[in-house]
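Coordinate analysis (summary)
Each chain, written out:
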Amino acid sequence: MKVIVTDDYEIMSREAAKVVAAEVKSKPDSVFALPTGGTPLGLYAELIRMHKEEGLDLSKVSTFNLDEYIGLPLNHESSYHYYMYDKFFNHVNVSEDRVRIPNGLIENPEEESLAYEWAIKRAGGIDLAVLGIGRNGHIGFNEPKTEFGSLTRPIYLAKRTIEANARFFGEDPDSVPRQAISMGIRTIMNSTKIILLASGAEKARAINQTVHGPVTEMVPSSVLQLHPDCTLILDEAAADELEPSANGFVPGPGTRTMIY
């Protein structure tokens, strides 16, 4: 597992954007798994800048979102459909017919989940999955105790996740949906490459468990230790509880890279 520790959130976001841009340039029709939430906003802003100022061409990429709430209208300001178009898709040249986000309003979420898995397979699989991480180590909406063999499916959100997401619903936990459709851990682990972004001291414990803890379903992100090409991109605060790397580190401008 490679860990890139950056001086601050802005550098973290730029480093993540470099990885995404490099993937697009090496394979213009790359398939991405994309996250929502507060952490990737800087990544999306930097990709938008690269598209407008440097000509980054996203017209051939395909995207699959990690998750979506069940029960929210697509135009609800807290739905992930709204988020992705408002924060990213409306500002770049990703083709709308290459965008796939779980439909949380469908009558049968189980059928939607199965169709989502088939769509990923038809696209050739995910080349690069971009992840965030919850304070309890969840990736996507895969909460503690999720089986590592899980595929895309409807799930119930943990109380801690509901409380953390209340900031997107006017700080009212009662307004946060209790269910979502989420890519499974196996779905994510089948990606050719994975990068995980984390910012802030509140993520430090989860990052410590991801890198140093036992691989356990109680900390879903710990499974990333088993992936052959996984990179964590962190700011200093999120990296605060990491132990020194036995392999030392490689310094860069505003960053240091460690191998665990």
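Report follows, based on the coordinates. (Residues numbered from 1 in each chain as written. Predicted model: local features only at pLDDT ≥ 70, side-chain atom pairs only at ≥ 80, totals over all residues. Heavy atoms only, no water.)

Now for the overall build of the protein chain. Along its length, the protein chain carries seven helices and 12 strands. Taking 2.2 N^0.38 as the reference for a compact globule, 260 residues should give roughly 18 Å; the C-alpha atoms of the protein chain span a radius of gyration of 17 Å, in line with that estimate. Along the first, second and third principal axes, the C-alpha atoms of the protein chain reach 50 × 40 × 35 Å. When each of the 260 residues of the protein chain is scored for burial, the buried share is 55%. (Helix = DSSP H or I, 4+ residues; strand = E, 2+ residues; numbered from the N terminus. Rg over C-alpha atoms; globule rule 2.2 N^0.38 Å. Buried < 20%, exposed > 50% of the residue type's maximum accessible area, 1.4 Å probe, protein only.)

A few words on the pattern of salt bridges. As enumerated under the stated definition, the model contains nine salt bridges in all. Here Asp-127 and Lys-27 are joined by a salt bridge, their closest N and O atoms 3.0 Å apart. With Asp-127 in the loop between α4 (109-122) and β6 (128-131) and Lys-27 in the loop between α1 (9-26) and β2 (31-34), the pair connects residues that are 100 residues apart, well separated along the chain. According to the relative accessible area criterion, Lys-27 is partly exposed, its value standing at 32%. Across the salt bridge formed by Arg-178 and Asp-174, the nearest N and O atoms sit 4.0 Å from each other. Arg-178 gets classed as partly exposed once you look at its relative accessible area, which sits at 38%. (Salt bridge = Lys/Arg side-chain N within 4 Å of Asp/Glu carboxyl O.)

Quick look at α1 now. Taking 1.5 Å of rise per residue, the 18 residues of α1 would be expected to cover 26 Å, and the 26 Å separating its terminal C-alpha atoms lies within 8% of that figure. Buried within α1 are the following residues: Ile-11, Met-12, Ser-13, Glu-15, Ala-16, Ala-17, Val-20, Ala-21, Glu-23 and Val-24. Between a side-chain oxygen at the N-terminus of α1 and the backbone nitrogen of Glu-10 the separation is 3.2 Å; the capping residue is Asp-8. (Expected span 1.5 Å × (residues − 1). Polar contact = N/O pair within 3.5 Å; in protein donor to acceptor, adjacent residues only side chain to side chain.)

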